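Coordinates in review
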Amino acid sequence: MKSIQLTERQAKIVEMVKRSGPITSEQIAERLKVRRATLRPDLAILTMSGILDARPRVGYFYSGKSSRTLVAEEIRRLRVKDLKSVPIVVRENTSIYDAVVTMFIENVGTLFVVGEGGILEGVISRKDMLKAALGQSDIKHMPVTVMMTRMPNIITTGLDESVYMAAKKLIEHEVDALPVVRPVTNEKGEEKLEVIGRITKTNITKLFVELGEGD
Ligand code: ADP
């Protein structure tokens, strides 16, 4: 822990726990010849910063991990299913005009285009729609399929993928949203992807803020 300046007593506690952990707060207080209540703020700081870990009925032990490592562990531990939002979808025959309206109503930047049974067919983004609007085409009669990015060129994620991997995909592929999908087999025996959620840069930013707040 380079970033946190320990008081003399806190440093003593860390040394003691390193040497004799797991050790209870009573034992620490006894050895330092102070009351348990006096130690409480020190122990709180040391556990919150991740230097010490506390287990009920076991006591304090040295974790030795920097808070950066702990945050990294948390991000890798979290799964897409813990963070995902509901997907906003339109059918393939939806007009670009109606898709724009849906974007405003649902307050999202990306729509997933689905066929029967919620099967993923495409993704249409703000810029895809702007492109259509800039042309001379009649966007009330132009279906989203004309402008969308199609399967199999869609970057997806799954419920059990780590949030870290999903965020990496957003960055690497320079997209704002990933459909959360699960594989299904249709009646023709073909492997398809059913849309069951979405992960966006907003989800990731919210998580970042939560981690920043230490929740
Ligand atoms: P915008 O274009 O509104 O900035 P994006 O950066 O997400 O939004 O989209 C850029 C392009 O990538 C668009 O053409 C869009 O159709 C496509 N796209 C968006 N999301 C995905 C995805 N998950 N997989 C593949 N292509 C995508």
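Residues numbered from 1 in each chain as written. Predicted model: local features only at pLDDT ≥ 70, side-chain atom pairs only at ≥ 80, totals over all residues. Heavy atoms only, no water.

With respect to the overall build of the chain
Of regular secondary structure, the chain possesses nine helices and eight strands. Radius of gyration (C-alpha) of the chain: 26 Å, far over the 17 Å computed for a compact globule of 215 residues. With the C-alpha coordinates of the chain rotated into their principal frame, the extents come out at 80 × 40 × 25 Å. Residues classed as buried in the chain amount to 35% of the 215 residues present. Long-range pairs, those at least 24 residues apart, make up 55% of the contacts in the chain with a sequence separation of at least 6. (Helix = DSSP H or I, 4+ residues; strand = E, 2+ residues; numbered from the N terminus. Rg over C-alpha atoms; globule rule 2.2 N^0.38 Å. Buried < 20%, exposed > 50% of the residue type's maximum accessible area, 1.4 Å probe, protein only. Contact = heavy atoms within 4.5 Å.)

Brief notes about the domain arrangement of the chain
Each assigned domain of the chain is listed here: domain 1 (8-77) and domain 2 (80-212). Listed by partner, the interface residues are four residues for domain 1 and four residues for domain 2. Note on domain 1 versus domain 2: buried area summed over both sides is about 440 Å², and carbon and sulfur give 72% of it. Along the contact surface separating domain 1 from domain 2 lie zero salt bridges. Taken together, the connections running from domain 1 to domain 2 amount to one residue pair in polar contact (both at pLDDT 80 or more). Here the side of domain 1 that touches domain 2 is built from residues that sort into two nonpolar, no polar and two charged. (Domains from an automatic or database assignment. Buried area = accessible area lost by both parts, 1.4 Å probe. Salt bridge = Lys/Arg side-chain N within 4 Å of Asp/Glu carboxyl O. Polar contact = N/O pair within 3.5 Å; in protein donor to acceptor, adjacent residues only side chain to side chain. Nonpolar A, V, L, I, M, F, W, Y, C, P; charged D, E, K, R; others polar.)

Focus: the site of the ligand
In the vicinity of the ligand, 15 residues are found, and the nearest of them are Ser125, Asp128, Thr149, Ile155 and Asp176. At 3.1 Å from an oxygen atom of the ligand is found a side-chain nitrogen or oxygen belonging to Lys127. Contact between the ligand and Asp176: an oxygen atom at 2.8 Å from a main-chain N or O atom of the residue. In isolation the ligand exposes 540 Å². Once the protein is present, 84% of that is buried. Elements that contribute at least two residues to the shell around the ligand include exactly β5 (119-125), α7 (126-134) and β7 (177-185). Of the residues contributing to the shell around the ligand, the split by class is seven nonpolar, three polar and five charged. (Near = heavy atom within 4 Å. Areas by Shrake-Rupley, 256 points an atom, 1.4 Å probe, with all protein chains shown as cover.)

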